[in-house]
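# Structure at a glance
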Amino acid sequence: WIQQELRYIRNAVEKGIPYLGICLGSQFLAKALGGRVYKGPCAEIGMMDIHTTAESRADPAFRNFPAALKVFEWHGEGIEVPKGSTILASSADFPVQAFRYRRPAYGLLFHLELGRDGIESLCRNCPEDLTKASLDSSRALNESLPHLPLLQKLAEEVVRHVVAPSVS
């Protein structure tokens, strides 16, 4: 099913259909367009620091992102972007945290969209990931709660731009 999904994503992007891939969806986007997904040096789980790139300042979906911010992560794989991509954010352990491929397609390795329920669900359903990251569910939730309003505001901006790129 993964190969079928990758073909679907590639065809959609080639037709100019907007695409926003979050976490696994960003990895699928990279792989579908000729990039690579690899086992990372560590698991990024919970709140992590990322930094936006100079190129992000000119990108309508990312121009309101601060230069540095904490985002919610839940992955252990990294991305090598496909040729023709623009890297929009990175972290110390993962040089690609967000990227754009042409105008209609964005990949975010981190989660802007999650609220309290989503984080609680991940913690409840993936306890082995928390153990790998030396984190417990209450700490993961408590560390994320103060950041969620900003992250969700940024999520709205990204989605608004991706679905209607002419609106800035």
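A brief structural summary. Throughout, residues of each chain are indexed from 1 in the direction in which the sequence is written. With pLDDT at 70 or above as the cut-off, local features in this predicted model cover only qualifying residues; side-chain atom pairs require 80 or more to be listed or tallied, and sums for whole chains, interfaces and linings still use all residues. As a convention, hydrogens and water are excluded, and side-chain values are obtained from all of the structure's heavy atoms.

### With respect to the packing of helix H3 (residues 116–125) against helix H5 (residues 137–144)
For helices, the axis comes from a line fit to the C-alpha atoms of the stretch in contact; other axes are also lines fit to C-alpha atoms, and the angle between any two N-to-C directions lies between 0 and 180 degrees. The helix count covers DSSP runs of H or I at least four residues long, the strand count covers runs of E at least two residues long, and both are numbered beginning at the N terminus. The N-to-C vectors of H3 and H5 enclose an angle of 160 degrees; their axes lie 10 Å apart at closest approach. Classified by the interaxial angle, the pair formed by H3 and H5 is roughly antiparallel. Every pair of crossing elements has a handedness; the one defined by H3 and H5 is right-handed. Within the contact between the two elements, H3 uses Arg116, Ile119, Glu120 and Cys123 and H5 uses Ser137, Ala140, Leu141 and Ser144. Put simply, Ala, Val, Leu, Ile, Met, Phe, Trp, Tyr, Cys and Pro go in the nonpolar bin, Asp, Glu, Lys and Arg in the charged bin, and everything else, Gly too, in the polar bin. Split by residue class, the contact of H3 with H5 holds four nonpolar, two polar and two charged. Oblique is the label for any angle not covered by the other classes, which are roughly parallel (under 35 degrees), roughly antiparallel (over 145) and roughly perpendicular (65 to 115). Here a crossing is called left-handed whenever its near helix is offset anticlockwise from the far helix by less than a right angle, and right-handed whenever the offset is clockwise. In what follows, a contact means two residues having at least one pair of non-hydrogen atoms within 4.5 Å.

### Description of the sheet that holds strand E3 (residues 68–80)
A pair of strands counts as paired when DSSP detects no fewer than two bridges linking them. The mixed open sheet is built from six strands, whose spatial order is E1-E6-E5-E4-E2-E3. One side of each edge strand has no neighbouring strand; the edge strands of this open sheet are strand E1 (19–22) and E3. Each strand of the sheet is rotated relative to its neighbour by a mean of 20 degrees, with strand direction disregarded. Note: E1 against strand E6 (residues 105–108), four bridges, orientation parallel. In the strand pairing of E6, Tyr19 is matched with Ala105.

### A short note on the packing of aromatic side chains
Centres within 6.5 Å make a pair out of two Phe, Tyr or Trp rings, where for Trp the six-membered ring is used; the pair is then stacked when the planes are under 30 degrees apart, edge-to-face when over 60, and tilted otherwise. Under the criterion given, the structure shown has four aromatic pairs. Measuring from centroid to centroid gives 4.3 Å for Phe62 and Phe65, while their planes differ by 20 degrees, and the two rings are stacked. Whether a residue is buried, partly exposed or exposed follows from its accessible area with a 1.4 Å probe, protein chains only, as a fraction of its type maximum: under 20%, in between, or over 50%, in that order. What makes Phe62 buried here is its relative accessible area of 1%. Each residue in the set Phe62, Phe65 and Tyr106 is aromatic and connected to the rest through ring pairs, giving one cluster.

### Some points on helix H1 (residues 2–14)
Given the number of residues in a helix, its expected span is that number minus one, multiplied by 1.5 Å. Taking 1.5 Å per residue, 13 residues should reach 18 Å; H1 reaches 18 Å between its end C-alpha atoms and fits that length. All buried positions along H1 are accounted for by Leu6, Ile9, Ala12 and Val13. Taken end-on, H1 shows its buried residues confined to a sector of 130 degrees, consistent with a single buried face. Opposite the packed face of H1, turned more than 90 degrees from it, sit the exposed residues Gln3, Gln4, Tyr8 and Glu14. At its buried positions, H1 is contacted by E1, helix H2 (24–32), strand E5 (98–101) and E6. Remark: Gly16 follows H1 within two positions and exhibits a positive phi of approximately 85 degrees. The directions considered for the arc are those from the helix axis to the C-beta atoms.

### Overview of the layout of surface pockets
The pocket and cavity definitions rest on a 1 Å grid over protein atoms only: a 1.4 Å probe that fits but cannot leave marks a cavity, an open set with protein on both sides within 12 Å along at least five of seven lines marks a pocket, and residues lining either have an atom within 4 Å of a point. Grid points are joined across faces, edges and corners, and a volume is the space filled by probe spheres set on the points. Estimates place the volume of the largest pocket at around 170 Å³. Contributing to the lining of the largest pocket are Lys39, Gly40, Cys42, Ala43, Ile45, Trp74, His75, Gly76, Glu77, Asp129 and Lys132. Those elements that provide at least two residues to the lining of the largest pocket are strand E2 (36–52), E3 and helix H4 (127–132). Class assignment for the residues of the lining of the largest pocket results in four nonpolar, three polar and four charged.

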